[in-house]
Amino acid sequence: MTEFAGHLPGLPREAIGWRHVAHAAWGREVEIALPQLDAGQAGALCGHVREQGRRVLRAMETGRIVAAIDQAVARLLDRSHPVRAKADELLPVVTGYGPETVGLALTSYLKSFRAPQLRRFLAEDFRDPGVLDGFRPAPKGGLVRAQGPELLLHVWAGNVPALSLWSLICGLLVKAGTIGKVASAEPLMAGWFAGLLAEIDPELGACLAILGWKGGQDACEPVFLREADTVMAYGTDATLAALRDRLPVSTRFLGHGHRIGFAMIAREALDSRKAPALARLAAQDIVRWEQQGCYSPQAIFVERGGPVAPAVFARHLAQELAALAYRHPRRALAPAEANALAQWRGRQEIAAAAGESELLGPAAAPWGVSHAEAGAALLPSGLNRTVRTVALDDLAEVAGLVAPHRRFLQTAGLAASPERLLALSEQLAAAGVTRIAALGRMTAPEAGWHHDGRFSLLDLVSFCEIEQGAETAAEGFAAYVD
């Protein structure tokens, strides 16, 4: 079976070269055909998308864009729709994640992009979202208008299925002509979504293109990097640095690199009823996308002094991970992932032999929990369902422990009383944490969240202001003035 990826308005399929990539998982095989453009075709595509964005997208009401996105998402939420059925069938084969994991997580994720949530996106970043449609009164006087880039290039990672939709939708909301580079690890969802948009609103569908190329190798890449006004990219820090170095100095670059997540559980949340439930929620955050997301927990700090001791909570967590391993089997690991996991387990075994920690679970288990009663530094896990729990006398210690890793911090899961939630959050914010979530929701950000502490939409736009003085001066030239 061959599935053609991408969305290329204005370019006939027969004029395009295709790179075929084979995927196999869960007893299935599929071949993905990725469009390959030469430099001339890349330049023509940039020109087409830029012109469509300038001529068509800029004139669209934001409400029309929201409505089209909402309709496309509604179709993807419908398990009987052909595109959603194809996603349920092919994404597990391409990504390796289990079919049930993909189905449940995709539905939960897509709900973030319904019309009410999209309006929250807009309201979160703009006091008056009408500034995207024209000049609006400014609080300081005068008028102000927001405009997205004429050509926005997305460079997506493939670690989490459908991750591309987040920035793709943000670009459309600010009326940016859009080109998206998919990752070979997940090259499908962005193209499917663009195709649905083109069915629903052909004019909107002509303002974006989706394709893939080998980073740093294909002849088309320099063209896209040269033509883009703004580049939003996801990947490792090394990948982002290399990409930024190839961009013109005038290009706005928005990079989202490596991050590490952690969780904190207060003593008041550790009684015989709450502790097992929290362990279940924490396990869900660990299992969902196999800790490949920047928001996934890799360490859990557990406070002493509650009815349930930190070591007992670690055993509850191990039991929950074991149960999830039956219901949601771990995907097959790439050699590099298996090696990293083996190295992590080896370090934990050495620490356990030295009496520094306890390693829970059999060596062959597709998960691992290491519990330490001391040595509370924030350390990365081996990913793919491995986590370290650390006992502390007071959660107030955590901010000081994580602050040295400020540039890598993003999400912290926190289970504490209302009084302590705010106090601990103040400390975490000062340490560099940009998002604090409930356990079980660490890997499911709310609509309108500030990714890496930044604005999802405001970062993409520029403002044009008509000063109050210019407005006043214009009165002197009105036809009704004598």
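It should be emphasised that the depicted structure is a prediction, and the values quoted were computed from it without experimental measurement.

Cut-offs and rules
Residues numbered from 1 in each chain as written. Predicted model: local features only at pLDDT ≥ 70, side-chain atom pairs only at ≥ 80, totals over all residues. Heavy atoms only, no water. Helix = DSSP H or I, 4+ residues; strand = E, 2+ residues; numbered from the N terminus. Contact = heavy atoms within 4.5 Å. Areas by Shrake-Rupley, 256 points an atom, 1.4 Å probe, with all protein chains shown as cover. Lys, Arg positive; Asp, Glu negative; His and termini not counted. Charge placed at Lys NZ, Arg CZ, Asp CG, Glu CD. Phe/Tyr/Trp six-rings, centres within 6.5 Å; stacked < 30°, edge-to-face > 60°. Buried < 20%, exposed > 50% of the residue type's maximum accessible area, 1.4 Å probe, protein only. Lys NZ or Arg CZ within 6 Å of the ring centre and 35° of its normal. Pairing = 2+ DSSP bridges. Axes fitted to C-alpha atoms, helices over the stretch in contact; angles between N-to-C directions. Parallel < 35°, antiparallel > 145°, perpendicular 65-115°, else oblique. Left-handed = near helix turned anticlockwise from the far one by under 90°. Nonpolar A, V, L, I, M, F, W, Y, C, P; charged D, E, K, R; others polar. Salt bridge = Lys/Arg side-chain N within 4 Å of Asp/Glu carboxyl O.

Draft legend 1. The overall build of the protein chain, seen in detail. For the protein chain, the helix and strand inventory stands at 16 helices and 18 strands. On the principal axes, the C-alpha backbone points of the protein chain span a range of 85 × 60 × 45 Å. The contacts of the protein chain with a sequence gap of at least 6 include a subset with a gap of at least 24, amounting to 74%. Surface summary for the protein chain: the accessible area is close to 19,900 Å², and the carbon and sulfur share equals 55%. Between the mean site of the 48 positive side-chain charges and the mean site of the 51 negative ones, the protein chain shows a separation of 3 Å.

Draft legend 2. Inspection of the packing of aromatic side chains at higher detail. Per the counting criterion, the structure on display carries eleven aromatic pairs. Measuring from centroid to centroid gives 5.4 Å for Phe113 and Trp166, while their planes differ by 75°, and the two rings are edge-to-face. With Phe113 in the loop between α4 (99-110) and α5 (115-125) and Trp166 in helix α6 (residues 164-173), this pair connects stretches of sequence that are 53 residues apart. By relative accessible area, which is 0% here, Phe113 ends up buried. Its end group placed over the ring of Trp213, Lys181 keeps NZ or CZ at 5.6 Å from the ring centre.

Draft legend 3. Local environment of the environment of Asn339. For Asn339, the location among the structural elements is in helix α13 (residues 335-353). For the pair Asn339 and Gly382, spaced 43 residues apart in sequence, the C-alpha separation works out to 9.2 Å.

Draft legend 4. Structural detail: the pairing of strand β16 (residues 409-415). Counting buried positions along β16 yields seven of seven residues, so the element is predominantly enclosed. Where strand β11 (residues 260-265) and β16 come together, five bridges link them in parallel fashion. Bridging across to β16, Ile260 finds its partner in Leu409. By the bridge criterion, three bridges tie β16 to strand β17 (residues 435-437) in an arrangement that is parallel.

Draft legend 5. Fine view of the sheet that holds strand β13 (residues 358-360). The strand order β13-β14-β15-β12-β11-β16-β17 describes an open sheet built from seven strands, whose pairing is mixed. Of all the strands in the sheet, just β13 and β17 have a single pairing partner and so form its edges. Looking at each pair of strands side by side, their axes are set apart by 20° on average, direction ignored. Of the strands in this sheet, β11, β12 (297-303), β15 (386-392) and β16 are in contact with helix α11 (residues 274-287), which crosses β12 at around 160°. Along the sheet face, helix α12 (residues 310-327) touches β11, β12, β13, β14 (368-372) and β15 and points at about 175° away from the line of β14.

Draft legend 6. Highlighting the packing of helix α2 (residues 62-77) against α5. In the contact formed by α2 and α5, the axes pass within 9 Å of each other and the chain directions differ by 140°. Judged on the interaxial angle alone, α5 and α2 are oblique. As for the relative orientation of α2 and α5, their crossing is right-handed in sense. Each of Thr62, Val66, Ile69 and Asp70 in α2 lies in contact with α5, whose residues at this interface are Ala115, Leu118 and Leu122. In terms of residue class, the contact of α2 with α5 is made up of five nonpolar, one polar and one charged.

Draft legend 7. How the structure looks around the side chain of Gln348. Topologically, Gln348 is positioned in helix α13. If we skip the residues at most four places from it in the chain, Gln348 touches Ser357, Leu359 and Ser370.

Draft legend 8. Quick peek at the pattern of salt bridges. Under the defined criterion, the tally for this structure stands at 33 salt bridges. A salt bridge links Lys86 to Glu3, with the shortest nitrogen-to-oxygen separation between them at 3.2 Å. Residue Lys86 is located in helix α3 (residues 82-95), and its partner Glu3 is located in strand β1 (residues 2-4); the two are separated by 83 residues in the primary sequence. A residue is classified by how much of its surface remains accessible, and Lys86, at 25% relative accessible area, is partly exposed.

Draft legend 9. How the structure looks around the sheet that holds strand β6 (residues 151-155). Pairing is parallel in the open sheet, where five strands are placed in the order β8-β7-β6-β9-β10. What marks the edges here is a single partner per strand, and that holds for β8 (208-211) and β10 (252-256). On average, adjacent strands in this sheet sit at an angle of 15° to one another, irrespective of strand direction.

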